[in-house]
Number of protein chains: 2
Amino acid sequence: MSPERLARINAMLDNRQPDLSVYLEYMHKPHNLSAVIRTADAVGIPEVHATWLAEQSHISNHKASGSGQWVDIRTHKTTTEAVSHFRSQGMQVLATNLSDSAVDYREIDYTQPTVLMMGNERDGISQEALGLADQDIIVPMVGMVQSLNVSVAAALILYEAQRQRQGAQMYGQRRLDDAICQRHLFEGGHP
Amino acid sequence: MSPERLARINAMLDNRQPDLSVYLEYMHKPHNLSAVIRTADAVGIPEVHATWLAEQSHISNHKASGSGQWVDIRTHKTTTEAVSHFRSQGMQVLATNLSDSAVDYREIDYTQPTVLMMGNERDGISQEALGLADQDIIVPMVGMVQSLNVSVAAALILYEAQRQRQGAQMYGQRRLDDAICQRHLFEGGHP
Ligand SMILES: C[S@@+](CC[C@H](N)C(=O)[O-])C[C@H]1O[C@@H](n2cnc3c(N)ncnc32)[C@H](O)[C@@H]1O
Ligand SMILES: C[S@@+](CC[C@H](N)C(=O)[O-])C[C@H]1O[C@@H](n2cnc3c(N)ncnc32)[C@H](O)[C@@H]1O
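Residues numbered from 1 in each chain as written. Chains lettered and ligands numbered in written order. Predicted model: local features only at pLDDT ≥ 70, side-chain atom pairs only at ≥ 80, totals over all residues. Heavy atoms only, no water.

Some remarks on the relation of the copies chain B and chain A
- At an RMSD of 0.0 Å, chain B and chain A line up after a rotation of 180° and a shift of 0.0 Å along the axis. The two molecules are tied by a two-fold rotation axis, judged by turn and shift. Among all residues of chain B, the one whose C-alpha sits closest to the rotation axis is V152 of chain B, at a distance of 2.5 Å.
- Here 100% of the interface residues in chain B have copies in chain A that are interface residues too; the copies meet face to matching face. (Least-squares fit on C-alpha atoms with pLDDT ≥ 70 in both. Contact = heavy atoms within 4.5 Å.)

The structure is reproduced here in structure tokens:
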């Protein structure tokens, strides 16, 4: 591996946020998954969580423009199973929801360990997810459409988290498990 | 038209920002166009500009999840033609560009009349666009992927513009041409 590539991978590892993640409920459009994974990589999320519509589980193998190697995708059977994993990590669980009672996404403290739950493009977030979440959040809209594209909504919230965490000096110091770092350094040298 | 719908359309019109726009260069993926148009509507952009790859001009008729009626799409033959239109409107012209010399998108003053130029998904922004722009801007990324999805990058910048304009009290007061308002009130009552 060249010294430049080694330095690039090490810098990426120093910026990874093990206590920030996103969960995609019943994903079914590969291009949205791909867009979310690129955004996750760009803000330093090491692992994305998902449940799949039964007939679509093949897209779990989808490669997102070269980020597949750098962002892990972890599949769950149900939202309840996914949320109990997030709870075991001590994360606050946020549900994006297009409702009047949802809070503006800019009011949340994302320096806490946080997972962001995104709903399915057609049906939105499930009642199961809403029941398990600590808080509903929304990206305000002043036009006539009822919703944003799911990868757009995820990116707006994740970049707000990135902004807050940068202000809190949470980037640039390694917090990722050493085993994961070693794997990336090894695989990144043998792509 | 019901009083509720009339009130909703009037509120939308009061939030329209005639001096904010986005220009999509050589668009070729309908789902990205659709996502950008939904975001444009959600931040109050009345008109989106585009050039098309020759074989793809049919997607100019694409409907973006119900927002097509509310956001106009204006086609140009070339970027040079598009930019001379923006200049005639007194807009600052920003080019998104994945280069080291590009400025962080959060450093720009979006309360000025502004158009944001987005590049093609495969080739990025053209040299033509870069030569005509006042400023290159970038959304910082701390991972390994080289770029964000184009509709994601557009949304992050447009919501930063929305945030600044909201702070400057630029929403909630009608600034859109009366003829356009009348058309929306008429068409919105006869969908
Ligand atoms: C296309 S939307 C779902 C629309 C669905 N018809 C509904 O009523 O919920 C897909 C997902 O994108 C996210 N989303 C879209 N717009 C959003 C917004 N303005 N605020 C927060 N999340 C949003 C949510 O996760 C939502 O479940
Ligand atoms: C997929 S990217 C183009 C990638 C292309 N290979 C290149 O090198 O430019 C498509 C468009 O999305 C926008 N974009 C993507 N990531 C961006 C970022 N981090 N900052 C600003 N614009 C970005 C730009 O308009 C870009 O032209």
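Now, onward.
Points about the packing of helix 2 (residues 30-43) of chain B against helix 5 (residues 150-167) of chain B
Residue and element names in this part refer to chain B.
- The contact between helix 2 and helix 5 brings their axes to 9 Å, and the two run at 10°. As judged from the angle between their axes, helix 2 and helix 5 are roughly parallel. Residue-level contacts link N32, A35, V36, T39, A42 and V43 of helix 2 to V150, S151, A154, A155, L158, Y159 and Q162 of helix 5.
- Class assignment of the residues belonging to the contact of helix 2 with helix 5 gives a composition of 9 nonpolar, 4 polar and no charged. (Axes fitted to C-alpha atoms, helices over the stretch in contact; angles between N-to-C directions. Helix = DSSP H or I, 4+ residues; strand = E, 2+ residues; numbered from the N terminus. Parallel < 35°, antiparallel > 145°, perpendicular 65-115°, else oblique. Nonpolar A, V, L, I, M, F, W, Y, C, P; charged D, E, K, R; others polar.)

Notes on the site of ligand 1
Residues and elements named next belong to chain A.
- Within the structure, ligand 1 sits among 17 residues, and T96, G119, V139, S147 and L148 are positioned closest to it.
- The contact in question runs from a nitrogen atom of ligand 1 to an N or O atom on the backbone of V139, over 2.9 Å.
- Surface burial for ligand 1 is 85%, taken as the share of its 570 Å² of free accessible area covered by protein chains.
- Its residues assigned to classes, the shell around ligand 1 shows 9 nonpolar, 5 polar and 3 charged. (Near = heavy atom within 4 Å. Polar contact = N/O pair within 3.5 Å; in protein donor to acceptor, adjacent residues only side chain to side chain. Areas by Shrake-Rupley, 256 points an atom, 1.4 Å probe, with all protein chains shown as cover.)

Observations concerning the sheet that holds strand 4 (residues 92-96) of chain A
Residues and elements named next belong to chain A.
- Within the open sheet, the 7 strands sit side by side as 3-2-1-6-4-7-5. Their pairing is parallel. Since the sheet does not close on itself, it has two edges, and those belong to strand 3 (72-75) and strand 5 (103-104), each with one partner.
- Summarising the sheet, strand 1 (residues 20-27) and strand 6 (residues 114-118) pair through 5 bridges and their orientation is parallel. Considered in strand 6, the bridge of S21 is made with V115.
- Set on the sheet, helix 5 (residues 150-167) makes contact with strand 1, strand 4, strand 6 and strand 7 (135-138); between it and strand 6 the angle comes to about 165°. (Pairing = 2+ DSSP bridges.)

So, the environment of L33 of chain B
- Tracing the chain through its elements places L33 of chain B in helix 2.
- A C-alpha to C-alpha distance of 9.8 Å links L33 of chain B and V48 of chain B, two positions 15 residues apart in sequence.

Here's the deal with the site of ligand 2
- In the neighbourhood of ligand 2, 17 residues make up the surrounding shell, with T96, G119, R122, V139 and L148 of chain B lying closest.
- Site remark: ligand 2 is flanked by residues from chains A and B.
- Between R122 of chain B and ligand 2, the recorded distance is 3.2 Å, taken from a backbone N or O atom to a nitrogen atom.
- Between L148 of chain B and ligand 2, the recorded distance is 3.0 Å, taken from a backbone N or O atom to a nitrogen atom.
- Alone, ligand 2 offers 570 Å² of accessible surface; in the complex the protein occludes 84% of this.
- Counted by class, the shell around ligand 2 contains 9 nonpolar, 5 polar and 3 charged residues.

Observations concerning the pairing of strand 1 of chain A
All names here are of chain A.
- With 7 of 8 residues buried, strand 1 lies mostly within the body of the structure.
- Pairing geometry for strand 1 and strand 2 (residues 47-52), over 4 bridges, is parallel. Note on strand 2: the bridge partner recorded for V22 is V48.
- Note on the crossover from strand 1 through helix 2 (residues 30-43) to strand 2: the handedness is right-handed. (Buried < 20%, exposed > 50% of the residue type's maximum accessible area, 1.4 Å probe, protein only. Right-handed = clockwise from strand over helix to strand, strands pointing away.)

Section: the pattern of salt bridges
- The tally for this structure, following the rule as stated, stands at 22 salt bridges over all chains.
- Of the charged contacts, one joins D19 of chain A and R175 of chain A as a salt bridge, the two residues approaching to 3.3 Å between their closest N and O atoms. Within this pair, whereas D19 of chain A is found in the loop between helix 1 (3-15) and strand 1, its partner R175 of chain A is found in the loop between helix 5 and helix 6 (178-189), the two being separated by 156 residues in sequence.
- What makes D19 of chain A buried here is its relative accessible area of 16%.
- Taking the relative accessible area as the measure of exposure, R175 of chain A reaches 29% and is therefore partly exposed.
- Close ionic contact of R183 of chain B with D72 of chain B constitutes a salt bridge, the shortest N to O distance being 2.7 Å. In this pair, R183 of chain B sits in helix 6 (residues 178-189) while D72 of chain B sits in strand 3 (residues 72-75), placing the two residues 111 residues apart along the sequence. (Salt bridge = Lys/Arg side-chain N within 4 Å of Asp/Glu carboxyl O.)

Everything listed is a geometric property; what it means functionally is a separate question.
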